[in-house]
Amino acid sequence: MLRQLARSRALQQRAEKFLPGGVDSPVRAFRAVGGDPPFVVRGEGAYLEDADGNRYLDYFGSWGPMILGHAFPAAVEAVREAAAHSASFGASTPAEADLAELVIEAFPSIEKLRFVSSGTEATMSAIRLARGFTGRKYVIKFEGCYHGHADGLLVKAGSGVATFGIPGSAGVPEEIAHFTLALPFNDLSAVEAAFAAHPGEIACIIVEPVIGNAGCIPPAAGYLQALREITSRDGALLIFDEVMTGFRIAFGGAQQLYGIRPDMTTLGKIIGGGLPCGAFGGRADIMNQLAPLGPVYQAGTLSGNPLAMAAGIATVGHLRENQKQIYPQLEERSAAVAEGIAAEAAKAGVSIVTNRIGSMFTWFFTQAPVTDFTTAAASDTQRFAAFHRGMLDRGIWLPPSQFEAAFLSTAHTAGHVQETIRAAQEVFGVIATA
Ligand SMILES: *Cc1c(COP(=O)(O)O)cnc(C)c1O
């Protein structure tokens, strides 16, 4: 049953000579689940193929961007065509306003936006702008939320930071972390207390409206609305970090699904269709504080890159035209795989808690409901690792950490879902007795 990974192992050893841990992003090293990380050589639709010729059904989708599956033909063609006219100019191109218009139509709270090259840049720039606009210093974030790796946001962060059990990061001065207030998610009294302790000093709340980076954790009923009311009352800004949820849980993201209008929104992942791209945007009076109109500086050599714009327009354009069909199908198939696997776990006597919003979901190996980082962290990560390895052996590639959400793409069929549930049935049979 064990897949042959000799070629991947050799590639990992070679990469380790030149790259710390052999990787450019920590979770790719598979340290949380053990075993050899397969080296990917190509993808098509719902499948990945590794250097040893193994095929996998992909349930992490490049950590979110690949909602249309790999090598989506219209996106490939758009990038090919753009590349033929040069990869970069450092001057304005028509495509930037084209993608901006598509995004603004999808997110009515965004009146103006600026493109950057990653989600990290989007959140970092949004926070600088929030501070510049309000003239305040403190930022509220929530435990287990990941907003990229800017210094002030690496405090009780999710994603790889949670996976490796790091409370923050070395190299972030206390004086910088001091201005980040990290509060438990889904706990309004903690937010009220922070505003009471720092009246007129909090620039913004930044939140993943549905947490994906501690595994999938939805907001409690009324929670996001209350964050909207508290920030409005105090004059602080509300920033929805929709780098993961934007175009994912609904075409217009979490703000469409929950009917909330944040002051600013950050986007990434899907917006670039797999090319490096992010964006931050929001109210025009706030965005007009950016240079060259205002005093808040922000810039990028490759911002609005023509290849990223081309892939983004192809991806977001396809989602826009087919949204009535795409999102219900993602919902139905994600429900089938999430609940199907939960049912197999129950039959095998393995305790799991299944959290899902649209095509974003996590099976937590725990018993009590997962509503914040503390309850997520109660998961049995050893058992998750055994589940992950068993699934990978059977050709199902789940995100390699308990604290990362799984995703479905439009290329996943009902047949793929059944294949995945059958694999899980076998794996639960093994780990239930282990
Ligand atoms: C992925 C992610 C980021 C960081 O984006 P990068 O492109 O990896 O820098 C920020 N916020 C959220 C919610 C994310 O999921």
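Residues numbered from 1 in each chain as written. Predicted model: local features only at pLDDT ≥ 70, side-chain atom pairs only at ≥ 80, totals over all residues. Heavy atoms only, no water.

Asks: Help me understand the sheet that holds strand β1 (residues 40–44) in this model?
Replies: Hydrogen bonds between backbone atoms are what pair the strands of a sheet, whose relative direction is either parallel or antiparallel. Taken in spatial order, the 4 strands make up an open sheet running β1-β2-β3-β13, and their pairing is mixed. Strands at the two margins of the open sheet, each flanked by one partner only, are β1 and β13 (396–397). Here strand β2 (residues 47–50) pairs with strand β3 (residues 55–58) via 3 bridges, running antiparallel. Note on β3: the bridge partner recorded for Tyr47 is Leu57. On top of the sheet, helix α14 (residues 414–433) reaches β2, β3 and β13; it is set at about 105 degrees to β3, its chief contact. (Pairing = 2+ DSSP bridges. Helix = DSSP H or I, 4+ residues; strand = E, 2+ residues; numbered from the N terminus. Contact = heavy atoms within 4.5 Å. Axes fitted to C-alpha atoms, helices over the stretch in contact; angles between N-to-C directions.)

Asks: Any chance you could explain the site of the ligand here in plain terms?
Replies: Around the ligand, the neighbouring residues are Ser118, Gly119, Thr120, Tyr146, His147, Gly148, Glu208, Asn213, Asp241, Val243, Met244 and Lys269. At 2.9 Å from an oxygen atom of the ligand is found a main-chain nitrogen or oxygen belonging to Gly119. Lys269 is positioned with one of its side-chain polar atoms (N or O) 2.6 Å from an oxygen atom of the ligand. Against a free-state accessible area of 380 Å², the protein chains account for coverage of 83% of the ligand. When the residues that make up the shell around the ligand are grouped by side-chain class, the tally is 3 nonpolar, 6 polar and 3 charged. (Near = heavy atom within 4 Å. Polar contact = N/O pair within 3.5 Å; in protein donor to acceptor, adjacent residues only side chain to side chain. Areas by Shrake-Rupley, 256 points an atom, 1.4 Å probe, with all protein chains shown as cover. Nonpolar A, V, L, I, M, F, W, Y, C, P; charged D, E, K, R; others polar.)

Asks: What's the story with the environment of Ser379 in this structure? I'm lost.
Replies: Mapped onto the secondary structure, Ser379 falls in the loop between α12 (373–377) and α13 (381–393). Taking the C-alpha atoms as reference, Ser379 lies 34 Å from Ser125; in sequence the two are 254 residues apart.

Asks: It is not clear to me how helix α3 (residues 94–106) should be interpreted in this structure. Could you clarify?
Replies: Counting along an α-helix, one turn takes 3.6 residues, and residues three or four places apart therefore face a common direction. Helix length check: α3 (13 residues) gives 19 Å between terminal C-alpha atoms against 18 Å at 1.5 Å per residue, within 8%. Within the sequence span of α3, burial applies to Ala95, Leu99, Ala100, Leu102, Val103 and Ala106. Here the buried residues of α3 occupy an arc of 160 degrees about the axis, which is enough to place them on one side. When the buried face of α3 is taken as reference, the exposed residues oriented beyond 90 degrees from it are Pro94 and Glu101. Packing partners of the buried residues in α3 comprise β4 (112–116), β9 (264–267) and α11 (306–348). (Expected span 1.5 Å × (residues − 1). Buried < 20%, exposed > 50% of the residue type's maximum accessible area, 1.4 Å probe, protein only. Arc of directions from axis to C-beta.)

Asks: Mind showing me how you'd approach the environment of Phe133 here?
Replies: Residue position: Phe133 is located in helix α4 (residues 119–134). Judged by relative accessible area, which is 30%, Phe133 ranks as partly exposed. Once the C-alpha coordinates of Phe133 and Asp58 are considered, the two residues, 75 residues apart in sequence, prove to be 42 Å apart.

Asks: So what exactly am I meant to see when it comes to the domain arrangement of the protein here?
Replies: Interface extent is often summarised as the accessible area lost during association of the parts. When the domains of the protein are assigned, the result is domain 1 (6–70 + 323–433) and domain 2 (73–318). Averaged C-alpha coordinates put domain 1 and domain 2 at centres separated by 25 Å. Summing both partners gives a buried area of about 2700 Å² for domain 1 against domain 2, and 67% of it is carried by carbon and sulfur. Broken down residue by residue, the surface that domain 1 buries against domain 2 is led by Ile357, Met360 and Phe373, which jointly contribute 23%. (Domains from an automatic or database assignment. Buried area = accessible area lost by both parts, 1.4 Å probe.)

Asks: What am I meant to see in the side chain of Thr245 here?
Replies: Residue placement: Thr245 occurs in the loop between β8 (237–241) and α9 (253–258). Within the structure, Thr245 has its side chain in polar contact with the side chain of Glu242 (distance 2.7 Å). Every residue in contact with Thr245, bar those within four places of it in the chain, is listed here: Pro209, Val210, Ala250, Gly253, Ala254 and Met360.

Asks: In this structure, what is going on with the sheet that holds strand β7 (residues 202–207)? I would like to understand it.
Replies: The strand order across the open sheet built from 7 strands is β4-β10-β9-β8-β7-β5-β6, with neighbouring strands paired in mixed fashion. Of all strands in the sheet, those with a lone pairing partner are β4 and β6 (180–183), marking the two edges. Direction aside, the axes of adjacent strands within the sheet are offset by 20 degrees on average. Sheet strands in contact with α3 are β4 and β9, and its direction is about 125 degrees off that of β4. Against the sheet, helix α8 (residues 223–234) makes contact with β5 (138–142), β7 and β8, and its axis sits at roughly 145 degrees relative to β8, the strand it touches most.

Asks: Which parts of the structure should I look at to understand the pattern of salt bridges?
Replies: According to the stated counting rule, one finds 14 salt bridges in the structure shown. With a closest N to O distance of 3.6 Å, Arg233 and Glu192 form a salt bridge. Within this pair, whereas Arg233 is found in helix α8, its partner Glu192 is found in helix α7 (residues 188–197), the two being separated by 41 residues in sequence. What makes Arg233 exposed here is its relative accessible area of 60%. Here Arg394 makes a salt bridge to Glu426, at a shortest N to O gap of 2.7 Å. Taken together, the residues span a long stretch of sequence, with Arg394 in the loop between α13 and β13 and Glu426 in helix α14 at a distance of 32 residues. Note on Glu426: relative accessible area 41%, which makes it partly exposed. (Salt bridge = Lys/Arg side-chain N within 4 Å of Asp/Glu carboxyl O.)

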